Amino acid sequence: MSSEIKNNENIKSCIILCGGQSRRMGRDKGSMIIQNEPMIKHILSTLNHQINEVVIVLNDRTRIDKYSEFINPQDYTYTITFLEDMIKNKGPMPGIMTGLSEIKSDYALVLPCDSPYVSEKYIQTIFSEIEEDYQAIVPYHDNDNKLKTSEPLHSIYNKNVIPEIEKLVNEDILHIKGLIEKIDAKFVLIDNKKIEKKEFKNLNRPEDI
C-alpha cells in the first residue's frame, strides 16, 4: 500500500448495494430476517471497527425510510449515509457510481446487501491489497479465466472509475465485468487461505436461507 493512500486520512469506505428488485427472492433482501436480524445488519456488524464510513444505496425514498427505521447509526463505529440510486433499474453499476460519488476516500469496498457471510478477515485482506496504480481490486476463483470467475460485487473501486461507468451506462452496457475489463484492475486469487470461498455466498432464493 502506498504512502499516499496511507496518508489519505486513513479513511476506509464501503458501499452496500440494496437497489436490486429481488425477483428471485420475491421480497426485499436486505431487510429480510436472517438469524433474528435484517440481513444487511449482519454485514453492518462485521464492518464495525474495520472501516470509517458506509454508504447504503437504495433505489427509492420509500426504501431509504424503511431501512432508516431499523438501522441505528449509534450501533456502529462508522458513519452511515443513505443514498437514492442516481439511475434506477439499470443494475448495480449505477449504484456503484452513486456510492463512489459520495465517499470521502479515494477507494471503496462494494458489497451486496445479500452477502451476510463476509468476514472481518476478508475486509482487512482486500483493503491491504490496494495499490495506487490500480483502479480496482478484484477477487477471482480460477487462474484460467480471471475475469469470468471474478467477484465484482465484493471488490474495491477507485472513484476515478466514475466517468467509465457513466460511459458504459449511457451505452447500456450494464455488466460490471464490462467495467473491470476497461480499467486497471488488480486480481486477487480466492485461495481458501488468504480469502475463503464461503465469503462470496449470497442469498438469492428462499431456499438459500
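Before reading on, note that the structure itself is shown above.
Residues numbered from 1 in each chain as written. Predicted model: local features only at pLDDT ≥ 70, side-chain atom pairs only at ≥ 80, totals over all residues. Heavy atoms only, no water.

Asks: Please explain the pairing of strand β7 (residues 136-140) as it appears in this structure.
Replies: Across a regular strand the side chains alternate sides, sitting on one face of the sheet and then on the other. Burial within β7 is extensive, with five of its five residues counted as buried. Because side chains alternate across β7, one face comprises the buried residues Ala-136, Val-138 and Tyr-140, and the other comprises Ile-137 and Pro-139, equally buried. As judged from the two bridges shared by β7 and strand β8 (residues 156-158), these two strands associate in the antiparallel manner. Residue Ala-136 lies in a different strand from β8, and its bridge partner there is Tyr-157. Two elements, β7 and strand β9 (residues 185-189), share five bridges in a ladder whose sense is parallel. Paired with Val-138 across the bridge in β9 is Phe-187. (Buried < 20%, exposed > 50% of the residue type's maximum accessible area, 1.4 Å probe, protein only. Helix = DSSP H or I, 4+ residues; strand = E, 2+ residues; numbered from the N terminus. Pairing = 2+ DSSP bridges.)

Asks: Can you help me understand unusual backbone geometry in this one?
Replies: Note: most peptide bonds trans; most residues except glycine with negative phi. The phi dihedral of His-49 is positive, around 65°, even though this residue is not glycine. Structurally, His-49 is set in the loop between α2 (39-47) and β4 (53-58). Positive phi, close to 65°, is recorded for Asp-172, a residue that is not glycine. Checked against the element boundaries, Asp-172 lands in the loop between α6 (162-170) and α7 (176-180).

Asks: Please explain the packing of aromatic side chains as it appears in this structure.
Replies: What characterises a pair of aromatic rings is the spacing of the ring centres plus the angle enclosed by the ring planes. Enumeration according to the criterion identifies four aromatic pairs in this entry. Ring geometry for Tyr-122 and Phe-200: centres 5.5 Å apart, planes at 80°, overall edge-to-face. Residue Tyr-122 is found in helix α5 (residues 120-128), and its partner Phe-200 is found in the segment after β9; the two are separated by 78 residues along the sequence. For the pair formed by Tyr-122 and Phe-200, the shared burial category is buried. We note Lys-12 situated over the ring of Phe-127; from NZ or CZ to the ring centre the distance is 5.9 Å. (Phe/Tyr/Trp six-rings, centres within 6.5 Å; stacked < 30°, edge-to-face > 60°. Lys NZ or Arg CZ within 6 Å of the ring centre and 35° of its normal.)

No statement about biological role is implied by the geometric values presented.
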